[in-house]
Amino acid sequence: MEKLRIVQIGCGKMSKYTMRYVYEKEAVIVGAFDINEKIIGKDISEIIECDKKGVLIENIKDLDKRLKELKPDACIVTTMSLINDLHDVLRICVKNGVNTITTCEEAFYSSNSNPKVYKELDVLAKANNCTLTGCGYQDIFWGNLISVLAGSTHKITKIKGSSSYNVEDYGIALANAHGAGLTIEEFESTIAVADKISDEERNELINKGEFLPSYMWNVVGWLADKLNLEITSIKQECIPTTHETNLHSDTLNMDIKAGDATGMSAVVTAETKEGIIIEAECIGKVYSKEEFDVNEWTIFGEPDTTVTINKPQTVELTCADIVNRIPDLINSKAGFVETSKMPDPKYRNKALNEYIKNC
């Protein structure tokens, strides 16, 4: 089989690594698309910071037409976090029969947060004999790492995870979405109130495709699926984070007063038929000088086991997982398939095409 032909959708920060990693795994980028007029028309080498590749970034409006012409083996989508925001792009990809892999956090296990869009894309992918999946950092550090640790545990009573990130690194939209800079009263009335609803109200939002999941909502669903657990109840709570002294935010261009919200902790808790509780927390906030990213998970039972990873390079780890997963994507059955139903992730030390089953 010849080198795999890949299309990149979204030519921002993440694509610098996904495209470079594609080339270094001996595949090729045959097309790249974005909405940003400032980079449309530029050679992708300006994003990767390498010699010219002869591939110009095109307008996303031309995606449907160009996929029909390019006929790539796979698309990499590194843009939005919610499946509703990616619906149109993903639909174009699978309608054209293109295997598609995305960093979209909700796509990691969207069947438990937006079954309406999930089912539509699943049916369309099956009809066009291609596969759609979501993965990235969570695939390893919130997912398979935990399931592997579970395999060395005799009895599990609870799985508890926590992962933090500095909202300063991701721009003003994310900082605002996390409530950074709000008073506690403002946070409660604008952010926290969205999850102070009954199970029936939440289920109605989910079924209508209007629920806003935190990153861990989909992770908890993924873990339960991977470990063959049946969730009987699940809830989500957003809690403001604070600091004892004033903190300056460059992103918000303001000083956050001591006691005001520096961001939030989103906690998802699920009970299962098997008696195992899964509690997962993601913390996004403006950091003080001494703080840094931490990913920590504990499996409680016989025995207790804790794994802590300090200062993970989230962007690079996400992009490496995406590229290493491309053979699993292509080899998978058709449909919207979560990585919980794919082989465990593996390091690829050969050209990506050598891992394709029909080679």
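Relevant structure appears above.
Note that this is a predicted model, so its numbers are computed, not measured.

Draft legend 1. Spotlight on the environment of Lys 155. Topologically, Lys 155 is positioned in strand S7 (residues 155-166). In this structure the C-alpha to C-alpha distance between Lys 155 and Ala 127, which are 28 residues apart in sequence, comes to 42 Å. Not counting residues within four places of it along the chain, the set of residues in contact with Lys 155 comprises Phe 300, Gly 301 and Glu 302.

Draft legend 2. Main features of the sheet that holds strand S13 (residues 294-302). The strand order S8-S11-S12-S7-S13-S14 describes an open sheet built from six strands, whose pairing is mixed. A strand with exactly one partner marks an edge of an open sheet, and here the two such strands are strand S8 (231-241) and strand S14 (305-310). Between one strand and the next, the sheet's axes are offset by a mean angle of 10°, whatever the strand orientation. Each of S7, S8, strand S11 (263-272), strand S12 (277-285) and S13 is contacted by helix H10 (residues 215-226), which is oriented at about 150° to S12, the strand it contacts most.

Draft legend 3. View of the packing of helix H6 (residues 137-150) against helix H11 (residues 314-324). Between H6 and H11, whose axes approach to 7 Å, the crossing angle comes to 100°. Accordingly, the angle class assigned to the pair H6 and H11 is roughly perpendicular. Residues Tyr 137, Asp 139, Ile 140 and Phe 141 of H6 lie in contact with H11, whose contacting residues are Thr 314, Leu 317, Thr 318 and Asp 321. Here the residues of the contact of H6 with H11 sort into four nonpolar, two polar and two charged.

Draft legend 4. Region of interest: the environment of Trp 222. Relative to the assigned elements, Trp 222 resides in helix H10. The spatial distance from the C-alpha of Trp 222 to the C-alpha of Gly 12 is 27 Å, given a sequence separation of 210 residues.

Draft legend 5. Structural view of the pairing of strand S5 (residues 99-102). The alternating pattern of S5 places Asn 99 and Ile 101 and Thr 100 and Thr 102 on opposite faces, both of which are buried. Relative to S5, strand S4 (residues 74-77) runs parallel, the two being bridged by four bridges. Counterpart to Val 77 in the pairing with S5 is Thr 102. Taken together, S4, helix H4 (residues 83-95) and S5 constitute a β-α-β crossover, and its handedness is right-handed. Two strands pair when backbone bridges link them, and S5 and strand S6 (residues 131-134) are joined in this way by three bridges, in the parallel orientation. When the sheet's bridge partners are listed, Thr 102 is paired in S6 with Gly 134.

Draft legend 6. Expanded view of the nonpolar core. Of all hydrophobic cores here, the largest spans 45 residues; its most connected members are Trp 142, Met 216 and Trp 297. Elements with a contribution of two residues or more to this core: H6, S7, helix H7 (172-177), H10, S8, S11, S12 and S13. By residue number, the principal contributor to this core is H10, which donates eight residues. Residues in contact with Met 216, not counting those within four places in the same chain, are Trp 142, Ser 163, Val 268, Ala 280, Glu 281, Cys 282 and Trp 297. In this structure, Met 19, Ile 39, Leu 329 and Leu 352 belong to the second largest nonpolar core, which totals 29 residues.

Rules of the game
- Residues numbered from 1 in each chain as written.
- Predicted model: local features only at pLDDT ≥ 70, side-chain atom pairs only at ≥ 80, totals over all residues.
- Heavy atoms only, no water.
- Helix = DSSP H or I, 4+ residues; strand = E, 2+ residues; numbered from the N terminus.
- Contact = heavy atoms within 4.5 Å.
- Pairing = 2+ DSSP bridges.
- Axes fitted to C-alpha atoms, helices over the stretch in contact; angles between N-to-C directions.
- Parallel < 35°, antiparallel > 145°, perpendicular 65-115°, else oblique.
- Nonpolar A, V, L, I, M, F, W, Y, C, P; charged D, E, K, R; others polar.
- Buried < 20%, exposed > 50% of the residue type's maximum accessible area, 1.4 Å probe, protein only.
- Right-handed = clockwise from strand over helix to strand, strands pointing away.
- Core = buried A, V, L, I, M, F, W, Y, C linked by side-chain atoms within 4.5 Å.

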